[in-house]
Amino acid sequence: MDETLKAACIRDLKLYVGDEIRMARLRRRMSQRDLAAACGITPAALCKIERGETDVKLSTLAILRSALILDFTVKPL
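Residues numbered from 1 in each chain as written. Predicted model: local features only at pLDDT ≥ 70, side-chain atom pairs only at ≥ 80, totals over all residues. Heavy atoms only, no water.

Q: What exactly am I supposed to notice about the overall build of the protein chain here?
A: Along the backbone of the protein chain there are four helices and zero strands. In the protein chain, the succession of helices and strands from N to C terminus is α-α-α-α. Judged by the C-alpha coordinates and their principal axes, the protein chain covers about 40 × 25 × 20 Å. Burial status across the protein chain gives 25% buried among its 77 residues. Once local pairs closer than 6 in sequence are excluded, the contacts in the protein chain between residues at least 24 apart make up 58%. With an accessible surface of roughly 5700 Å², the protein chain has 59% of that area assigned to carbon and sulfur atoms. In the protein chain, 14 positive and 10 negative side-chain charges are present, and the distance between their average locations comes to 6 Å. (Helix = DSSP H or I, 4+ residues; strand = E, 2+ residues; numbered from the N terminus. Buried < 20%, exposed > 50% of the residue type's maximum accessible area, 1.4 Å probe, protein only. Contact = heavy atoms within 4.5 Å. Areas by Shrake-Rupley, 256 points an atom, 1.4 Å probe, with all protein chains shown as cover. Lys, Arg positive; Asp, Glu negative; His and termini not counted. Charge placed at Lys NZ, Arg CZ, Asp CG, Glu CD.)

Q: Teacher, can you tell me more about helix H4 (residues 58-68) here?
A: One full turn of an α-helix is made of 3.6 residues, so residues set three or four places apart face in the same direction. By the burial criterion, the buried members of H4 are Thr60, Leu61, Leu64 and Leu68. The arc that holds the buried residues of H4, viewed along the axis, is 100°, so those residues lie on one side. Projecting away from the buried face of H4 at angles above 90 degrees are the exposed residues Leu58 and Ser66. The inward-facing, buried residues of H4 abut helix H1 (3-27), helix H2 (32-39) and helix H3 (43-50). (Arc of directions from axis to C-beta.)

Q: Would you mind going over the pattern of salt bridges with me for this structure?
A: One side chain can pair with another of opposite charge once the charged atoms of both are near each other. Under the counting rule described, the total for this entry stands at six salt bridges. The partner of Asp12 in a salt bridge is Arg11, and the shortest N-O contact between them spans 3.4 Å. Asp12 gets classed as partly exposed once you look at its relative accessible area, which sits at 41%. For Asp19, the salt bridge identified is with Arg22, shortest N-O distance 2.8 Å. Taken as a pair, Asp19 and Arg22 lie in helix H1 at a separation of three residues, close to a single helical turn. (Salt bridge = Lys/Arg side-chain N within 4 Å of Asp/Glu carboxyl O.)

Below is the structure:
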């Protein structure tokens, strides 16, 4: 895979994950501050995750998943 395409795929994945987290948070009527506190991260870090501006550790995704009661399924390409 060419590097430009790879970078675009990673960017799109970060945006998708961030949007899913934001939508789940809003469905549960949680503020960024409340979700961040429940996950042990800063509101600024959560904001960056939701905007797709940072790489997210799998451990952080697992904590967010638990706090939001989400089902993340990874499908093979």
